[in-house]
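So the chains spell out like this:
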Amino acid sequence: MNVKLINGDKLVDTLNGYSSDQLQHVARYAEELAEHKAREARLEEKSEDNEIDDRPDDLPDDVPSKATITIKEINDNRYYYWQWREGDKLKSKYKGPVNPDQ
């Protein structure tokens, strides 16, 4: 086996000095480490795919991106509100009237 690393000669010399039992432990460790690093890379890639980078165009600066739109009916009129939680409190901010054609 030809291992090319910056300190490859030291690594090869070290491994050549190991017993077969020690080499089997190193092999198991290297396999587990490779699986761990691959799993971390997949999780990182998945989390990057799930991130929401864009805020809705009509989201006001003082409304968090986690806010959702809800409809409230007041005096037989319907209105959109941004709604989100801050701790135990439910916060709302007026967005505009609901279009009756919708």
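Residues numbered from 1 in each chain as written. Predicted model: local features only at pLDDT ≥ 70, side-chain atom pairs only at ≥ 80, totals over all residues. Heavy atoms only, no water.

Under an unreviewed UniProt entry, the name given to the protein chain is DUF6788 domain-containing protein, and the source organism is Halovenus salina.

Undergrad: Requested: an account of the overall build of the protein chain, with residues and values cited.
TA: Secondary structure assignment for the protein chain yields two helices and three strands. For the protein chain, contacts bridging at least 24 residues in sequence account for 11% of all contacts bridging at least 6. (Helix = DSSP H or I, 4+ residues; strand = E, 2+ residues; numbered from the N terminus. Contact = heavy atoms within 4.5 Å.)

Undergrad: Let's hear about the sheet that holds strand E1 (residues 68-74): which residues, and what values?
TA: If you trace the three strands from one edge of the open sheet to the other, you get E1-E2-E3, paired in antiparallel fashion. Whereas interior strands pair on both sides, the edge strands pair on one side only; in this sheet they are E1 and strand E3 (89-97). With strand direction ignored, the average angle separating the axes of adjacent strands in the sheet is 40°. Pairing geometry for E1 and strand E2 (residues 77-86), over seven bridges, is antiparallel. When the bridges of E2 are listed, Ile 69 appears paired with Trp 82. (Pairing = 2+ DSSP bridges. Axes fitted to C-alpha atoms, helices over the stretch in contact; angles between N-to-C directions.)

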